[in-house]
Amino acid sequence: MTDDARPRVLSITSVTAVSTIDGGDTLAAEVSGPDGGTVFLLIPLGAAGALITQLTDAAERGAQERRLHSQGRRPDTDA
């Protein structure tokens, strides 16, 4: 990591594999980018649970927004 305040964006097209390293303390996720390159994300097991929860919640919200959009309705933004 650097001291650069600009956010970094990593676009992925697929998850190739996930395995454990460090005696099971870290997940190593191998992902592919749109350019065909491979990147490994090293995720401490403690952070993996929070990531899974947030990804699941966001995916559920996205699915609900898609359903509403397909029905010609807008999501409730007052919540």
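Residues numbered from 1 in each chain as written. Predicted model: local features only at pLDDT ≥ 70, side-chain atom pairs only at ≥ 80, totals over all residues. Heavy atoms only, no water.

In this section: the overall build of the protein. Helices and strands together make up the secondary structure of the protein, namely one helix and three strands. For 79 residues, the compact-globule estimate of 2.2 N^0.38 gives 12 Å, and the C-alpha radius of gyration of the protein, at 17 Å, exceeds that figure by more than 25%. With the C-alpha coordinates of the protein rotated into their principal frame, the extents come out at 45 × 30 × 30 Å. The buried share among the 79 residues of the protein stands at 14%. In the protein, once contacts between residues fewer than 6 apart in sequence are set aside, the share between residues at least 24 apart is 3%. For the protein, the exposed surface amounts to about 6600 Å²; the carbon and sulfur share of it is 54%. Averaged over its 7 positive side-chain charges, the protein has a centre that lies 11 Å from the centre of its 11 negative ones. (Helix = DSSP H or I, 4+ residues; strand = E, 2+ residues; numbered from the N terminus. Rg over C-alpha atoms; globule rule 2.2 N^0.38 Å. Buried < 20%, exposed > 50% of the residue type's maximum accessible area, 1.4 Å probe, protein only. Contact = heavy atoms within 4.5 Å. Areas by Shrake-Rupley, 256 points an atom, 1.4 Å probe, with all protein chains shown as cover. Lys, Arg positive; Asp, Glu negative; His and termini not counted. Charge placed at Lys NZ, Arg CZ, Asp CG, Glu CD.)

A volume near 200 Å³ is recorded for the largest pocket. Forming the walls of the largest pocket are Ile12, Val15, Val18, Leu27, Ala29, Val31, Leu41, Ile43, Ala48, Leu51, Ile52 and Leu55. If you list the elements that add at least two residues to the lining of the largest pocket, you get strand S1 (14–21), strand S2 (26–32), strand S3 (38–44) and helix H1 (45–70). Ranked by residues supplied to the lining of the largest pocket, first place goes to H1 with four residues. (1 Å grid on protein atoms, 1.4 Å probe; cavity = no way out; pocket = protein on both sides within 12 Å on 5 of 7 lines; lining within 4 Å. Points joined across faces, edges and corners; volume = space filled by probe spheres on them.)

Moving on, we come to unusual backbone geometry. Phi at Asp22 takes a positive value of approximately 55 degrees, unusual for a residue other than glycine. Following the sequence through the fold, Asp22 ends up in the loop between S1 and S2. Owing to a relative accessible area of 52%, Asp22 belongs among the exposed residues under this scheme.

This part is about the sheet that holds S3. Overall, antiparallel pairing links the three strands, which are arranged S1-S2-S3 in an open sheet. Two strands close off the open sheet at either side, each with one partner strand: S1 and S3. Looking at each pair of strands side by side, their axes are set apart by 20 degrees on average, direction ignored. Two elements, S2 and S3, share seven bridges in a ladder whose sense is antiparallel. Note that in S3 the partner of Thr26 across the bridge is Pro44. (Pairing = 2+ DSSP bridges. Axes fitted to C-alpha atoms, helices over the stretch in contact; angles between N-to-C directions.)

Read these as geometric descriptors, not functional statements.
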